[in-house]
Amino acid sequence: VRTSGGRYCVNIALEDRIEKAEVAGVEIYNPGVAEDRARLVESIRDADELATALPSVDFFTRGGLASVVELLCAALKDGPTRQQLIYTAENHNHAAEILRESLTRRLPAECLARLQIVNTVIGKMSGVITDPQQTRELDLATLAPSFDRAILVEAFNRILISQVRLDGFVRGIDAFIEKPNLLPFEEAKLFGHNAVHALIGYLANERGLKLMSEVAGHDDILKIAREAFINESGAALTRKYASLNDELFTAEGFARYADDLLHRMMNANLQDLVSRVIRDPQRKLGYEDRLFGTMRLALSHRIRPVNLARGAAAALRYHLGRRSVSREQVIQALAPIWGEKIHSAEACELIDLVAQAS
């Protein structure tokens, strides 16, 4: 990007074509280089709006002096010079709270008095194309001329954020939609979008499919996915948040949300790789994560998540490299992931459902 004069390119997947877009005026600094770190700290101090977008919230404190938390502390240690807003985009329901807590442990309250950190819900799909032949066949623009990877993202801009509470603050990024209580929408993404995306991915992998869009020709997988989305995840979420008085958490609203996402997941121009969707199965099999977290939510509302269990069973088979798994093998695989929770009555019910689906 530096050698390209501060420019990079992304490719945008629409339903009927792929468009290229160039972003200019970009400055990139390496926090591991002293001079660059100083510029980053100065930029943070002078900014009104900032964003973090790391692989996970664990990265907030990684890297010593080059970490996000240490850079923020260096910029804020002398006290606030202006109101500042940070958007956290780590795909974690409590990323903002985790980042704030890390800063609170290191800085006095007065240094953070004019800082608000907000969570985000970004329900988009994207990927990195690493195969040069695929890049040529799709006529994609690489990130930069001297770089061989291409970024392909869906055309999507409906980003939800926590409500901004800084007195008189006017956001420069006005496309975001503020929600007084963001958690229900974060759960809709994790327990709806993410859960069903993973379910489809693991079932598609067992069919030998390479692209998520190829699932469009497999009606049985789509039926399982829709049943899981609307009648298990959706039914539980609409019961949990019925009092919210938001269209999403109605039977009709959630069905529209599910059908729209299932349609978007089948976008052939997105070239969404099954291998990308199913990577890191150990994390996705977590007790609170997309598969079992959604099943637990369903059970808590007296809904048997039999279709979600099919996805969890496929994820376990992929994780273990087996065509089938017994109840004992399910327990053995999940015990190191769930820890002591494996002994609970709820865990026993989850294991039974997955064993039956296997």
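Asker: I keep staring at the packing of aromatic side chains and nothing clicks. Help me out?
Answerer: Applying the stated criterion across every chain yields a total of nine aromatic pairs. Taken together, a centroid distance of 5.0 Å and an interplanar angle of 85° make the contact between Tyr87 and Phe176 edge-to-face. Of this pair, Tyr87 sits in strand E4 (residues 84-88) while Phe176 sits in the loop between strand E8 (159-162) and strand E9 (177-179); the two residues are 89 residues apart in sequence, bridging distant segments of the chain. Under the relative-accessibility criterion, Tyr87 is labelled buried at 4%. Taken together, a centroid distance of 5.9 Å and an interplanar angle of 80° make the contact between Phe229 and Tyr257 edge-to-face. Within this pair, whereas Phe229 is found in helix H6 (residues 219-240), its partner Tyr257 is found in helix H7 (residues 251-265), the two being separated by 28 residues in sequence. Phe229 sits in the buried class, given a relative accessible area of 0%. The rings of Phe185, Tyr241 and Phe249 are connected pair by pair, giving a single aromatic cluster. The ring of Phe59 carries the charged tip of Arg62 above its face, separated from the ring centre by 4.2 Å.

Asker: I keep staring at the sheet that holds strand E3 (residues 49-52) and nothing clicks. Help me out?
Answerer: Strand pairing in a sheet relies on backbone hydrogen bonds. The paired strands run either parallel or antiparallel. The sheet built from five strands is open, its strands ordered E3-E4-E5-E8-E9 with mixed pairing. Sheet topology places E3 and E9 at the edges, where each strand pairs with a single neighbour. For this sheet, the mean angle separating the axes of adjacent strands, direction not counted, is 30°. Summarising the sheet, strand E5 (residues 115-122) and E8 pair through three bridges and their orientation is antiparallel. Note that in E8 the partner of Thr120 across the bridge is Ile161. Helix-sheet contacts for helix H5 (residues 183-206) involve E5, E8 and E9, and the interaxial angle to E5 is about 35°.

Quick notes on the rules
Residues numbered from 1 in each chain as written. Predicted model: local features only at pLDDT ≥ 70, side-chain atom pairs only at ≥ 80, totals over all residues. Heavy atoms only, no water. Phe/Tyr/Trp six-rings, centres within 6.5 Å; stacked < 30°, edge-to-face > 60°. Helix = DSSP H or I, 4+ residues; strand = E, 2+ residues; numbered from the N terminus. Buried < 20%, exposed > 50% of the residue type's maximum accessible area, 1.4 Å probe, protein only. Lys NZ or Arg CZ within 6 Å of the ring centre and 35° of its normal. Pairing = 2+ DSSP bridges. Axes fitted to C-alpha atoms, helices over the stretch in contact; angles between N-to-C directions. Contact = heavy atoms within 4.5 Å.

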